Amino acid sequence: MSDLPRKAMTRTARLAALPLGIAGRATLGLGKRIGGRSAEVVTAELQQATADQLFKVLGELKGGAMKFGQVLSVFEAALPEEVAGPYRAALTKLQDAAPPMPAAKVHAALAERLGADWRSLFLEFEDRPSAAASIGQVHRAVWHDGRTVAVKVQYPGAGDALLADLSQLSRVAWLLGPLIPGLDIKPLITELRERVAEELDYELEAQAQRRHAEEFAGDPEIAVPGVVAQADQVLVSEWMGGTPLAEVIASGSQEERDRAGKLLARFLFAGPARTGLLHADPHPGNFRLLKDDGPVEGWRLGVLDFGTVDRLPGGLPAPIGASLRMALAGDAAGVLAMLREEGFVKPSIELDADAVLDYLVPIIEPAAVESFHFTRAWMRAQAARIADPRSPAYNLGKQLNLPPSYLLIHRVTLSTIGVLCQLGAKAPFRTEMLEWLPEFAGPGSAAGRPTARTATPKSTTPKSTTEKGTAQKSTAQKSTAQKAAASKATTQKAAATKRATPARRRDPSTGD
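Okay, so let's go over this structure. Residue positions are counted from 1 within each chain, in the order its sequence is given. A pLDDT threshold of at least 70 governs which residues receive local features in this predicted model, and a stricter bar of 80 or more applies before side-chain atom pairs are shown or counted, although totals over entire chains, interfaces and linings include all residues. Side-chain descriptors were evaluated using all non-hydrogen atoms of the structure, hydrogens and water having been removed beforehand.

### Describing the overall build of the chain
Every helix listed is a DSSP run of H or I at least four residues long, and every strand listed is a run of E at least two residues long, numbered separately from the N terminus. Scanning the chain from terminus to terminus reveals 21 helices and 14 strands. Only protein chains enter the accessibility calculation, which uses a 1.4 Å probe. A residue is then buried if its area is under 20% of the maximum for its type, exposed if over 50%, and partly exposed in between. The buried share among the 512 residues of the chain stands at 54%. The contacts in the chain between residues at least 6 apart in sequence include a share of 72% that link residues at least 24 apart. Accessible surface, the chain as shown: approximately 21300 Å² in total, 57% of it carbon and sulfur. In this description, contact between two residues means that some pair of their heavy atoms is separated by no more than 4.5 Å. Under the convention used here, a 1.4 Å probe and the Shrake-Rupley method define accessible areas, while residue burial counts only the protein chains that appear.

So this is what it looks like as structure tokens:
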């Protein structure tokens, strides 16, 4: 695929072909079985063909189709093993790759957004993308001061494609629902639609990434690349290597899996406490395991892509920790009262407190022990329990409500647990919750380290060239003098950098 399909009719037709293709292959499979072929062989062939079509359509369309596929992919651990196998490889591909936008299109986009002489900003620029995702692709380059950088370029027409795809997917959500037992697809698509405008705004993404980079600068466990420059739909960040989490899932040692799992759990809880922001796109393509020659305890987790965040100035809401603590203590009445207070149970709904506790206890098992072994089998058991219409959990779950303020938190938590199960990691979930989740340790408890309200940003992250006014020019000139790697004149670089990095809006929720 050489470009992002932009005509709504074309994209709608291709997405509509997904359920039609599934139905057609089922009919063909019935014919093959009547013809004498083994049911097991025919079923395996049909599942593989369905997985191939799913990847082909979602991956090539990019936009909302691929975004939906990426979100869906972290839940594959909930599928029964006999079904998960054929889908796993196809969905995993969506986490880290897509057909690239051709070089000519990339050059045109850079010229439009950075200026005709955009090449003066770089010593080197690789035309072949290093990664391609749902709304943009990333190119490796060398900035004019000698730093290796990642240049994220948004696909032309990405906004229209996102909205069109998600609208069409919402119409066929009932067909896609059986892919993941226990997951309600339609609210997931609705929530993705509501986040479209934010994810398309690279200036907001730069603000969120900068906040994380400042807070985690020098951190021994979490690494976030600094923002180098941002202009319209182009974002330039420091380059981050490492082993993609998808590779660790596919072939990593248990040592690698456990370390990645521990750090992923830490970032889930420490991120909001320290930055006031929740990284809301936790699929494996956005994480790297940064290994070195030292002991595994020194390996770090690299975090990428801050296009979708939830703004939580006080960290994760205290009622989460309080309700989990009460549930583990067997306080059924207290749990139900808090769920009502937070809007998880509507006033008109009558529920038995003990039944609610029975519903929750298996799900919160990772919070009950010092170290929990996350496995696909455990997640499949939970999904099957909630999705089985004969199960009390199924009927109770249908009566619960998910308040809008908790929607993104809920998805991020489930997605992170899905990735941990894909890793098969042993992770100290409870330890991280005790340290970072308010009220979990007991009444009045707070995070073990300063929250976003009191944390002092680190000063070791290089200033972004997106700083306003004369700071842009002085930073570029200072970098040039220090590196002396660029062959262009200092004044030319400063002017180009200033053009490429317009003044950024202040985000009152993050302090940027």
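### Concerning helix α12 (residues 254–275)
Helix span is expected to be 1.5 Å times the residue number reduced by one. Taking 1.5 Å as the rise per residue, α12 with 22 residues should run 32 Å; its terminal C-alpha atoms sit 30 Å apart, in good agreement. Fitting axes to the seven residues that end at a residue and to the seven that start at it, the angle between those axes gives the bend at that residue. At F269, α12 shows its maximal bend, which comes to roughly 35°, and the proline P272 appears one to four places after that position. Counting buried residues along α12, 18 of its 22 residues qualify, which places the element largely inside the surrounding structure. Phi turns positive one or two residues past the end of α12, at G276, with a value near 75°.

### Here's the deal with empty space enclosed by the protein
In the cavity and pocket records, a cavity denotes points on a 1 Å grid over the protein atoms alone where a 1.4 Å probe fits but cannot get out, a pocket denotes an open set with protein on both sides within 12 Å along at least 5 of 7 lines, and lining residues are residues with an atom within 4 Å of a point. Grid points are joined across faces, edges and corners, and a volume is the space filled by probe spheres set on the points. Throughout the structure, instances matching the rule amount to four cavities of 30 Å³ or more. Volume-wise, the largest cavity comes out at about 90 Å³. Of all elements in the fold, only α12, β9 (277–279) and α18 (404–423) reach the threshold of two or more residues within the lining of the largest cavity. Gly falls in the polar group here, along with every residue not listed as nonpolar (Ala, Val, Leu, Ile, Met, Phe, Trp, Tyr, Cys, Pro) or charged (Asp, Glu, Lys, Arg). Counted by class, the lining of the largest cavity contains nine nonpolar, four polar and no charged residues.

### Regarding the pairing of strand β11 (residues 300–303)
Sheet topology note: the strand β5 (residues 222–223)/β11 ladder contains two bridges and is parallel. From the neighbouring strand, I222 faces β11, where its bridge partner is L301. A strand pair is defined by DSSP finding two or more bridges across the two strands. Pairing geometry for strand β10 (residues 287–290) and β11, over four bridges, is antiparallel. Paired with L289 across the bridge in β11 is L301.

### Overview of the environment of I249
Along the chain, I249 turns up in helix α11 (residues 245–251). Each residue touching I249, except ones within four places of it in the same chain, is listed here: R257, P284, R376, V419, Q422 and L423.

### So, the packing of helix α15 (residues 353–360) against helix α17 (residues 392–399)
To get an axis, fit a line to the C-alpha atoms, keeping to the stretch in contact for a helix; angles then go from 0 to 180 degrees between the N-to-C directions. Where α15 contacts α17, the axes come no closer than 10 Å and their chain directions differ by 105°. Classified by the angle their axes make, α15 and α17 are roughly perpendicular. Each of A355, V356 and Y359 in α15 lies in contact with α17, whose residues at this interface are A393, L396 and G397. Of the residues belonging to the contact of α15 with α17, the class tally is five nonpolar, one polar and no charged. Note on terminology: angles under 35 degrees are roughly parallel, angles over 145 are roughly antiparallel, angles of 65 to 115 are roughly perpendicular, and the others are oblique.

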